[in-house]
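Chain and residue survey
Take a look at the letters that make up each chain.
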Amino acid sequence: DTGVSQDPRHKITKRGQNVTFRCDPISEHNRLYWYRQTLGQGPEFLTYFQNEAQLEKSRLLSDRFSAERPKGSFSTLEIQRTEQGDSAMYLCASSFPRTADGYTFGSGTRLTVV
Amino acid sequence: AQSVTQLDSQVPVFEEAPVELRCNYSSSVSVYLFWYVQYPNQGLQLLLKYLSGSTLVKGINGFEAEFNKSQTSFHLRKPSVHISDTAEYFCAVSDSGGYQKVTFGTGTKLQVIP
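This write-up is about the structure you can find in this document.

About the criteria used
- Within each chain, residues carry numbers counting from 1 in the order of the written sequence.
- To label them, take the chains in the order written and letter them from A, then take the ligands in the order written and number them from 1.
- With pLDDT at 70 or above as the cut-off, local features in this predicted model cover only qualifying residues; side-chain atom pairs require 80 or more to be listed or tallied, and sums for whole chains, interfaces and linings still use all residues.
- Hydrogen atoms and water are omitted, and side-chain values are computed over all heavy atoms in the structure.
- Only protein atoms enter the 1 Å grid used here, on which a cavity is any set of points holding a 1.4 Å probe that cannot leave and a pocket is any open set flanked by protein within 12 Å on both sides along at least five of seven lines; residues with an atom within 4 Å of a point are listed as lining.
- Grid points are joined across faces, edges and corners, and a volume is the space filled by probe spheres set on the points.
- All amino acids are sorted into three groups, where Ala, Val, Leu, Ile, Met, Phe, Trp, Tyr, Cys and Pro are nonpolar, Asp, Glu, Lys and Arg are charged, and the leftover types, Gly among them, are polar.
- A pair of strands is treated as paired once DSSP finds two or more bridges between them.
- Strands here are runs of E lasting at least two residues and helices are runs of H or I lasting at least four, both read from the DSSP assignment and numbered beginning at the N terminus.
- Axis geometry follows a simple rule: fit a line to the C-alpha atoms, using only the stretch in contact for helices, then measure angles between N-to-C directions, giving values from 0 to 180 degrees.
- Two residues form a contact once any of their heavy atoms are found within 4.5 Å.
- Here's the idea: put two parts together, see how much 1.4 Å probe accessible area each one loses, and the total over both is what we call buried area.
- Salt bridge, as used here: a side-chain nitrogen of Lys or Arg that lies within 4 Å of a carboxyl oxygen of Asp or Glu.
- In the analysis that follows, any N or O atom pair within 3.5 Å is treated as a polar contact, provided that within protein one partner can donate a hydrogen and the other can accept it, and provided that, for residues neighboring in sequence, both atoms belong to side chains.

Here the focus is empty space enclosed by the protein. All chains considered together, the criterion is met by one cavity of 30 Å³ or more. Its boundaries defined by the atoms lining it, the largest cavity holds a volume of some 30 Å³. Residue lining of the largest cavity: R9, H10, M89, S107, G108 and R110 of chain A together with N41 of chain B, and that is the complete set. Split by residue class, the lining of the largest cavity holds one nonpolar, four polar and two charged.

Here's what the structure looks like:
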């Protein structure tokens, strides 16, 4: 297994456009997490899945954000009508159900909204 | 809910000198504690974790951390740093039920000076 993969690595978009990011977790992991990281801050929780079920979504997440994990494997995170404040690194991580093993993170997708 | 405080945003240290990165947590329940490292433009990598048992835990790259329940701390230490240790370090916490998300601190940038 090559670890957690995220695509694309970088995305530049104009304000108002929609963007979609993909995450492929470690195949044995049934939990998948999305975090957002802005400059000088730690990762901020967005949402997570166990298999295909979305179990929790941050109250900070506006309605413009949506995530899916249709077959319990890869996941997509879509941001509609992007705003400059959405510029950040979007991190995906996967794990077994118990967090004791820690997360395995992907390299992230850096979004720049111009 | 749990929270983590990393008091030092930046720590400069000379090569081969010892270093301590401080972390304090807050929780009303028993916790798991983690340290992650992030190199530039990369995702986070697990350094070490405390689950239970011995309060001194050893991780990769010569790092260790000590869990102190009375002081609610989990400080990270290395006796002799190398240039390659220059990175950002994040302390993180989850409840020991293990089914909840991990909450990260704001990070400490370790700058190793040659």
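So, on to the sheet that holds strand 7 (residues 65–68) of chain A. All names here are of chain A. If you trace the four strands from one edge of the open sheet to the other, you get 1-3-8-7, paired in antiparallel fashion. Two strands in the sheet have a free side with no partner beyond their single neighbour: strand 1 (5–7) and strand 7. Adjacent strand axes in the sheet meet at a mean angle of 15 degrees when their direction is disregarded. Across three bridges, strand 1 lies against strand 3 (residues 19–24) in antiparallel orientation. In the strand pairing of strand 3, D7 is matched with R22.

Contacts between the two partners involve 23 residues from chain A and, on the opposite side, 24 residues from chain B. When chain A packs against chain B, the two sides together hide about 1900 Å² of surface, and 49% of this comes from carbon and sulfur. Applying the counting rule to chain A against chain B returns one salt bridge. Note that E56 of chain A is salt-bridged to K101 of chain B, the shortest N-O span being 2.9 Å. At the boundary of chain A and chain B, one finds five residue pairs in polar contact (both at pLDDT 80 or more). Those elements that provide at least two residues to the side of chain A that touches chain B are strand 4 (31–37) and strand 5 (44–50) of chain A. Its residues placed into classes, the side of chain A that touches chain B shows nine nonpolar, eight polar and six charged.

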